[in-house]
Amino acid sequence: MAKGKEARVRVILECTSCVRNGVNNKKKKSPGIFRYITQKNRHNTSSQLELRKFCPHCFKHTIYREITK
């Protein structure tokens, strides 16, 4: 019997340093908070997801945390 797709969910990851700093640099094309959209397996990763990814607004690698919808 095939398993259902209920285990995989879409999550939105948001840059933590952009949230703290307010992101109002004049070097950027558009002000705001940068976000990634990805998937996670709810059964294997029940806690909130944290990944280290590149932020084009901060111009460095920062920690991205999962946000709730």
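Data block above holds the structure.
No experiment lies behind these values; they were computed from the predicted model shown.

What counts and how
- Residues numbered from 1 in each chain as written.
- Predicted model: local features only at pLDDT ≥ 70, side-chain atom pairs only at ≥ 80, totals over all residues.
- Heavy atoms only, no water.
- Pairing = 2+ DSSP bridges.
- Helix = DSSP H or I, 4+ residues; strand = E, 2+ residues; numbered from the N terminus.
- Axes fitted to C-alpha atoms, helices over the stretch in contact; angles between N-to-C directions.
- Buried < 20%, exposed > 50% of the residue type's maximum accessible area, 1.4 Å probe, protein only.

Some thoughts on the sheet that holds strand E1 (residues 8–15)
Right, on to step 1. Strand order in the open sheet made by the 4 strands is E2-E1-E4-E3, with antiparallel pairing throughout. Bordering the open sheet on either side are strand E2 (35–41) and strand E3 (50–55), each of which pairs with just one other strand. On average, each strand axis in the sheet is inclined to that of its neighbour by 45°, with strand direction left out of account.
Right, on to step 2. In this sheet, strand E4 (residues 60–67) lies alongside E1 in antiparallel orientation, the contact comprising 4 bridges. Across the sheet, residue Ile 12 finds its bridge partner in E4, namely Ile 67.

A short note on unusual backbone geometry
Right, on to step 1. Positive phi is not limited to glycine here, since Phe 59 has a value of about 60°.
Right, on to step 2. Positionally, Phe 59 belongs in the loop between E3 and E4.
Right, on to step 3. For Phe 59, a relative accessible area of 47% translates into the label partly exposed.

Examining the pairing of E4
Right, on to step 1. Sheet analysis places E3 next to E4, joined by 6 bridges and oriented antiparallel. When the bridges of E4 are listed, Arg 52 appears paired with Ile 63.
Right, on to step 2. A loop of 4 residues connects E3 with E4, the two strands running antiparallel in sequence, and Phe 59 in this loop sits at a positive phi of about 60°.

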